[in-house]
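Each chain is listed here by its residues.
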Amino acid sequence: MALTLEWRHRIEAWRREHAHHLYTPAGELELEGFITREQLTVDEAARREFAPMPTGTPWGAKWEYAWFRTEVVVPDELAGQRVVVAVRPGGESAIYVNGVAAGALDREHTEVTLVRKAVPGTRYMLMIETYAGHGPRVSGGGPVGYGRESVPEPPSTQAVVGLSTFGVWNEDVYQLAIEVETLWDIREHLDENSLRVDEIDQGLCDYTTIVDFELPYEEMLASVRACRAHLKPLFAKVNGSTTPTMYAFGHSHIDVAWLWPWTETERKCVRTFGTQLALMDEYPEYRFLQSQPHLYWMVKNRYPALYERIKQAVAGGQWVPEGGMWVEADTNLSGGEALVRQFLYGKHFFRQEFGVDSELLWLPDVFGYSGNMPQIMRGAGVKFFATAKIFWAYNGGDPFPFNTFSWEGIDGSTVLVHLCNDYNSRANAGSVIERWNQRVQKSGIRSRFMPFGWGDGGGGPTRDHLESLRRLGNLEGVPQVIMPHPLQFFKDEEARGEPANRYVGELYFQAHRGTLTSQARTKRGNRKSELALREAELWLTAAAALKGAPIPRQALDDAWRRVLLNQFHDIIPGSSIHRVYEEAEAEYAKALAAADEMIAGATSALAAGEGLTVFNSLSWPRSALVELPTGVQGARDANGQALSTQIIDGVTYAEVATPACGWTSVQPTDTPPAESVGVKATPTLLENEHLRVTLNGLGEITSIYDKDAGRELTAGTCNELHLYKDVPSCFDAWDIDSMYALTPVALGSEAKVEVVCTGPLVGIVRVERTVNHSTLRQGISLRHGARRIDFYTEVDWHEQHKMLKVNFPVAIHANEAIHEIQFGHIRRPNHKSRPFDADRFEVANHKWTALEEGRRGCAVLNDCKYGVNVDGNSINLTLLKSPLAPDMTADQGLQEFAYAFYAWNGALAESDLVREGYDLNVPVRTATGRAETTSLFALDAPNVIIDTVKPAEDGSGEVIVRLYEAMRAATECTLACGLPVSGAVQTNLLEEEAVALPVQAGKVALSFRPFELKTVRLKLR
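These lines cover the structure that appears in this document, whether it is placed above or below.

What counts as what
- Residues numbered from 1 in each chain as written.
- Predicted model: local features only at pLDDT ≥ 70, side-chain atom pairs only at ≥ 80, totals over all residues.
- Heavy atoms only, no water.
- Helix = DSSP H or I, 4+ residues; strand = E, 2+ residues; numbered from the N terminus.
- Rg over C-alpha atoms; globule rule 2.2 N^0.38 Å.
- Buried < 20%, exposed > 50% of the residue type's maximum accessible area, 1.4 Å probe, protein only.
- Contact = heavy atoms within 4.5 Å.
- Pairing = 2+ DSSP bridges.
- Axes fitted to C-alpha atoms, helices over the stretch in contact; angles between N-to-C directions.
- Left-handed = near helix turned anticlockwise from the far one by under 90°.

Looking only at helices and strands, the chain has 18 helices and 59 strands in total. Relative to its length of 1021 residues, the chain is compact, with a C-alpha radius of gyration of 32 Å against a globular reference of 31 Å. Taking the principal axes of its C-alpha atoms as reference, the chain extends roughly 110 × 60 × 60 Å. Across the 1021 residues of the chain, 61% fall into the buried class. Pairs at least 24 residues apart make up 76% of the contacts formed inside the chain by residues separated by at least 6 positions.

The structure is reproduced here in structure tokens:
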């Protein structure tokens, strides 16, 4: 029959009526409770004092929690029925029934089942932990006046106790509601002229004539049952042979931190996991994926009883621990070794706790994916990848072309990928049909990966989802839905052969570009912590191998877990609330302190007595400026030769030549060397053997003359600061809109430029100037023999909705810029010829970005910055960004960072670009004492880098050396070992699957393909 408008209105009215008949209260619940900021277990809370908190009681300031308790005794009239509690304590809540986490109350879960078949007289004790909140939720985007620039403090109380009841869940009405909604969804998504829609319409019209909600209760229920029987034949119709298949699984995306701190996330886990375990009890076919080992680790430590229930569900096959990484980490900002550790710690936890060898990387909400992820994944034994965020290009852009494809990384490694359209999805008929229709591949695809459930702390799937899926299966008009283990989708795709589609390079996300810059202190903490732990592991390894010193394994693991946690995709990108960054910076401080303590202990074990030992952790010899002890005027090297020294700001520095991955000692003396001038410095000039640098009155560079090549390197004013109004239309901390360049902000025109020093080792000019409402202090330095100019910078930042960049226009013609990423580099366009070129107007780099012509090039280096854009011949490093949401105080106050300009002559592969980037980021370390000059490791190929030296994870005393080829050039090289090596094998990133390597006289022969990352395991004598 044709569904007339009158019939449509009638059906819609009946559908709305369901909600009024689902729950029948049987009694009120009297709550008593107390307020706390402590994180308590249910047993700890039960021992506290409770006071009555009747309906209407206001409670809780921001960040506070309340524990409530109440009791339900099942009355006789509820025998055999489904009894639920509708508790309204005033916020998101975890419900414990007789001490067991039974579910949650949140925006999508509004009742908790007490018992499915009630027995009269049964007593249930309820304990409820409720979060008061922390103020109004702040959206991003919009200009001044949209309420973001002046978010008020929340009132003294955040929550109010509402009316809480227990009662009967009217299951017949609920089941009918699910069935009617399923049929309605199908007819709304099919051709209205089809026979299937005609039959459904007839059934829905009949439904409104059979069901009478105004009848007495039992008679109303009888009409509902009669209607369900009448509609049953419509659910017996099945699809044909060409039906696509949806591989569904439950999921709750839980942000480790975002608009709430870590401790609230821990409570969100209790709520979500309790809810999902209850659903598993009722729906044995249900499978739920939770990806982040950190969350399991936290639950294990804080809520052991809940964790044991999760382990049982894993053993039963319903709970799926699968996801690859320790947390769902940002892959643009996390360093290469940190990404390795994400997999190492994540996979190790899943194996140890659940016996699961994770094969899937699940990153549904991460803001773009590095071009070296396929190699890192493959090296960790992860061959499948799934995400959804790449389609969320809300400002337009070039649509991503594939759903299922082979992703090829910068080294040629490939992984199988499927892109979902969403990860916080419903699981009803309409959503299933929409997910299939939303595929961007309209041919060559027959199945899709479909997560469902409410995320961001929303508690995951509901009964509605699972009941809907029970109706679907192979129901006519809807893609076939199955609920196997999520890996089954990829294994079935793999069995079909290589995907027809291949995507090469990074998966660039055409939004959220501001996350490369927001919260600069956090990003600095990340870079410094990663490198400090690198340093600690190298010297701990040396001290253990040569002096028998113990490895503080627990301290290392704790420090690494702090760093890995902060790499979560709403922490390190700068998109969380203020408290998250207070906590993140405290965690970085702990990680750095632990690393420094470990380094001090290791270097003290290696050097003893009088003198000063200089430690170089990089895999090539280098010359470094080393601060000498107070009062010392000179020094001699290990061979007794006098070292060149220079006094800088009252401190004596010596230039010390250090071996690769090793150390050398110097002996302080009272005799200064003869004075000489190696670098000339004036307020307008820095000059050494290779470069002549001219400055203007603002400390900007007007000329960089390459004396070796006889060429000018600049094509405009370099080290020129540009300030822009930065008001994204959608998300403050997340975004940079492309039109920011149209809103420049004038800077102050006054500056103070003075000479700090000139001498044999270095020339330094200090600049002090205003930047709108902020002040900048910068030391510009040029060392003798260097082709690099360093800019050590402090900014007292007091801007809002502003973005600061520093520009270096250079006399290089190129159509692509080169950007360092993890374990390699990537080329991106520096023009806007096509939409996708224009959309990459802000991109990620790690230690450097460069332009090169084939026989020369220029680069801008940094020690903690990640956002950059290259417009034609101008390299523009993004220094600071000051959003107002979700953190009104983002980046206010003192900021410290360094950047540098480097120029080379010759081919890129023959340059010192990669080494200069490391040199800026990894200073030498010193320790009191003397040691014989030693090189632990050295390489005979300058394009191969030792990135990591660490003790083996298994505690065997063996040594792990991680190296990579940095210039996209196949290379044969030799690793020379200063440790007593008796054997070597190549392993995967997890230090497994050993393949023997030839070792002769302490040298290991290695062969690299372009950009190859290689892990070598050394056995010591």
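From this point, the narrative continues.
Glancing now at the sheet that holds strand 43 (residues 843-844). The strand order across the open sheet built from six strands is 35-34-40-47-46-43, with neighbouring strands paired in antiparallel fashion. Looking at which strands have only one partner, the edges of the open sheet turn out to be strand 35 (744-745) and strand 43. In this structure, strand 34 (residues 720-725) lies alongside strand 35, joined through two bridges in antiparallel fashion. When the bridges of strand 35 are listed, Leu723 appears paired with Val745.

What follows covers the sheet that holds strand 32 (residues 701-706). Spatially, 29-30-31-32-33 is the arrangement adopted by the five strands of the open sheet, whose pairing is antiparallel. The strands lining the two open edges of the sheet, one partner per strand, are strand 29 (680-682) and strand 33 (711-712). Bridge analysis of strand 31 (residues 691-695) against strand 32 gives five bridges, and the strand direction is antiparallel. Its bridge partner being in strand 32, Arg692 is matched across the sheet by Tyr705.

Between helix 3 (residues 171-189) and helix 5 (residues 217-231), the shortest axis-to-axis distance is 10 Å and the interhelical angle comes to 35°. Crossing of helix 3 over helix 5 shows left-handed handedness. Of the residues in helix 5, those in contact with Asp172, Val173, Gln175, Leu176, Glu179, Val180 and Leu183 of helix 3 are Met220, Leu221, Val224, Arg225, Cys227, Arg228 and Leu231.

Along the chain, Val85 falls in strand 6 (residues 83-86). Val85 sits 326 residues away from Asp411 along the chain, and the two C-alpha atoms are 56 Å apart. If we skip the residues at most four places from it in the chain, Val85 touches Leu29, Val72, Glu111, Val112, Leu114, Leu126, Thr165 and Phe166.

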